[in-house]
Amino acid sequence: MYIVTAKEMYDIDHFAMTEIGLDGKLLMENAGRAVADRVTAIVKDTDKICVLAGSGNNGGDGFVIARTLLDKGYAVQVLQVVANDKILGDAYYHKRLFERCGGIISLFDGKCTSMITSNNVIIDAIIGIGSKGILREPLASLVHYINREAKKVISVDIPSGLPADEGKGEFISIQADYTFVIGAPKVSAFLNHTSPYYGKWEPVSIGLPSRAFKTNTSRFVWGIDDVRNSLPDRKPDDHKGEHGKGLVIGGSKEMPGALAMSLKASLRAGAGLITGATTEGVIRMLSANCIEATYKELSETNGFLDNRTDVSLEGYHAVAIGMGMGRRTCTGDLVRSLVHTAECPIVIDADGLYHIKEDLLDIENRRYPTVITPHPGEMAMLLGITVNELLLEPFRYSREFAIKNNSYVVLKGMITIITSPEGEQVVNMSGNPGLAKGGSGDVLTGIILAMIMQGQTIFQALCNACYIHGRSADELISEKHSYHDLLASDVIDGLAKVFRIIS
Ligand SMILES: NC(=O)C1=CN([C@@H]2O[C@H](COP(=O)(O)OP(=O)(O)OC[C@H]3O[C@@H](n4cnc5c(N)ncnc54)[C@H](O)[C@@H]3O)[C@@H](O)[C@H]2O)[C@@H](O)CC1
Ligand SMILES: [K+]
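Just so it is clear, the model here is predicted, and its values are computed rather than measured. (Residues numbered from 1 in each chain as written. Chains lettered and ligands numbered in written order. Predicted model: local features only at pLDDT ≥ 70, side-chain atom pairs only at ≥ 80, totals over all residues.)

Trainee: So what about the pairing of strand E6 (residues 178-182)? Which residues, and what values?
Mentor: The element E6 is largely enclosed, with a buried count of 5 among its 5 residues. Going residue by residue along E6, you find Tyr178, Phe180 and Ile182 tucked away on one face and Thr179 and Val181 tucked away on the opposite face as well. (Buried ≥ 20, exposed ≤ 12 C-beta atoms within 10 Å, placed from the backbone. Helix = DSSP H or I, 4+ residues; strand = E, 2+ residues; numbered from the N terminus.)

Trainee: Explain the sheet that holds strand E11 (residues 294-297) to me, using residue names and the numbers behind them.
Mentor: Picture the strands of a sheet paired through backbone hydrogen bonds; they go either parallel or antiparallel. Reading across from one edge, E8-E19-E18-E17-E16-E15-E14-E9-E10-E11 is the order of the 10 strands in this open sheet, with mixed pairing throughout. Edge positions in the open sheet fall to strand E8 (219-222) and E11, since each of these has one partner strand only. Pairwise comparison of adjacent strand axes, ignoring direction, gives a mean angle of 20° for this sheet. Alignment of strand E9 (residues 245-249) against strand E14 (residues 318-321), held across 4 bridges, turns out to be parallel. Across the sheet, residue Leu247 finds its bridge partner in E14, namely Val319. Each of E9, strand E10 (273-278) and E14 is contacted by helix H9 (residues 256-268), which is oriented at about 170° to E10, the strand it contacts most. (Pairing = 2+ DSSP bridges. Axes fitted to C-alpha atoms, helices over the stretch in contact; angles between N-to-C directions. Contact = placed C-beta atoms within 7 Å.)

Trainee: Help me get a handle on the site of ligand 1, residues and values and all.
Mentor: The local shell around ligand 1 holds 28 residues, among which Gly56, Asn57, Asn58, Gly128 and Gly130 are the closest. Contributions of two or more residues to the shell around ligand 1 are made by helix H2 (24-42) and helix H3 (57-71). With 5 residues, the single largest contributor to the shell around ligand 1 is H3. Within the shell around ligand 1, the residues separate by chemical class into 11 nonpolar, 12 polar and 5 charged. (Near = placed C-beta within 6 Å. Nonpolar A, V, L, I, M, F, W, Y, C, P; charged D, E, K, R; others polar.)

Trainee: Any details on the nonpolar core? Residues and values, ideally.
Mentor: Core analysis: the largest hydrophobic core is formed by 163 residues, its most contacted members being Val51, Leu52, Ile65, Ile123, Ile447, Ile448 and Leu462. In terms of residue count, helix H18 (residues 458-479) provides more of this core than any other element does, 12 residues in total. Both of domain 1 (6-217) and domain 2 (224-230 + 241-502) provide at least three residues apiece to this core. Dropping the residues within four chain positions of it, Ile448 is found in contact with Val347, Val371, Thr373, Ala461, Leu462 and Ala465. (Core = buried A, V, L, I, M, F, W, Y, C linked by C-beta atoms within 7 Å. Domains from an automatic or database assignment.)

Trainee: Which residues make up the domain arrangement of the protein, and what are the values?
Mentor: Domain boundaries assigned for the protein yield domain 1 (6-217) and domain 2 (224-230 + 241-502). Here the C-alpha centroids of domain 1 and domain 2 sit 42 Å apart. With 7 residues of domain 1 at the contact, the number on the domain 2 side is 8 residues. Split into classes, the residues belonging to the side of domain 1 that touches domain 2 amount to 2 nonpolar, 4 polar and 1 charged.

Trainee: Please give an account of the pairing of strand E17 (residues 408-411) that cites residues and values.
Mentor: Within a regular strand, the side chains alternate between the two sheet faces. Of the two faces of E17, both are covered, the one formed by Tyr408 and Val410 as well as the one formed by Val409 and Leu411. Sheet topology note: the E17/strand E18 (residues 416-419) ladder contains 3 bridges and is antiparallel. Residue Val409 lies in a different strand from E18, and its bridge partner there is Thr419. Counted between consecutive antiparallel strands, the loop separating E17 from E18 contains 4 residues.

Trainee: Give me the lowdown on the environment of His94, citing residues and values where you can.
Mentor: Inspection of the secondary structure puts His94 in helix H4 (residues 89-100). Residue classification places His94 among the buried residues on the basis of 26 C-beta atoms within 10 Å. Separated by 197 residues in sequence, His94 and Ile291 have C-alpha atoms that sit 69 Å apart. Apart from residues no more than four positions distant in its own chain, His94 is found in contact with Met28, Gly60, Phe63 and Val64.

The following block contains the structure:
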């Protein structure tokens, strides 16, 4: 499933019409019918439906929906929210079809709000992705009224007034209960501040060819089929070396568990051999608990790693660094020197991110893949901006950082955005609020480390790791756990089921 900006969606429509030859009226017919089909699944035969139709093609979709529902026997009428002379082109064509089928259209006079209260389902086809700036009057007041009074609101393509793109914090929008997105979800369906306006959303296909999407966008949602297609099988004659020898560097006297979580997750996610490099004290605590890992003792100052040991990375296929190591200056020296010298992929997480902020050039100049896995607070810290600024435009900030610093960025959050150094972006939607706990990130880093040693591309490995991590939490919530009690270590145990589902 692709994710589009408004411009990309217009380019896709344009491509379908000019390069493929699909007629705009046909696309509108397909859109309206597909939405009407979904509407019939969520309304009752006895419901009274009011379609609000605006001036553009979104309004045109509304006329098709109204005609289709009328034909199916539903009590449906249209409230046209703009003057007659504003309905033009394909929308006018479909308005006429609706009228000729016996459809009734009322004109919104700025007051006739009884249409909203006397119908129990509102279909919002006021404005789609053509919305510019903040909604003007009288539509702004109408939207406020609907949000206050309407019973069930179903938006067509996007809640009217909501921006399709990121970077816009001020708007007046319909609060939908359901949104049927036309062709592909828009970027705003994935942002913290705009996604709640969609209610439950679902894409509907209108016959736009996949060539049109491939040509015009490079952003998509990673799903289980993508995992199945890219995760390499384990062959009967494989040996442990073929599944990667990974090194996890982290831990301190204050946070020994973070390292344990990454080690165990990495082993459960299929790594061949995993070594934990940490302080003597942490090794003593963990070794009985995580017996499948091996350990390497590093030098320390008062229980925190320092840079006095000469850490050899010879023979390791990938390294993860940062979890539970703390923010002592001596530890920072170790992180920066390893990032500088490691001749293999390196995953930097948690306090490791804090330490690299001082010298991002170390990352930019690396000749081997670098993966950073920040949550929004860490990403904002790396960028020198506020979390609110980041969350207003997470796709743009991630892409700019990844390209500028030649690194893969896994920006964790309600949804996770994975960006390659070339700017390709994937969204992972598995996972749930039960993951908002200490240790979840350490588990994800462990899974990432394992995945990047399994012979997929680094980008696929990151997408698969995020999907698998979130899916484990989803399976656990659907069975025996709740958002409240789920622990990071449960997510490690849940991996067994996810791998069985995938294979
Ligand atoms: N081939 C296509 O382009 C297709 C488009 N489709 C639909 O068409 C929509 C896009 O259509 P349009 O580009 O015509 O645009 P819209 O229908 O989204 O809205 C454009 C209209 O809204 C008005 N408007 C914009 N900003 C406003 C504001 N702040 N306050 C008040 N009025 C404002 C404009 O004056 C314009 O008349 C999509 O969202 C989708 O629903 C579908 O029918 C499928 C095919
Ligand atoms: K709409």
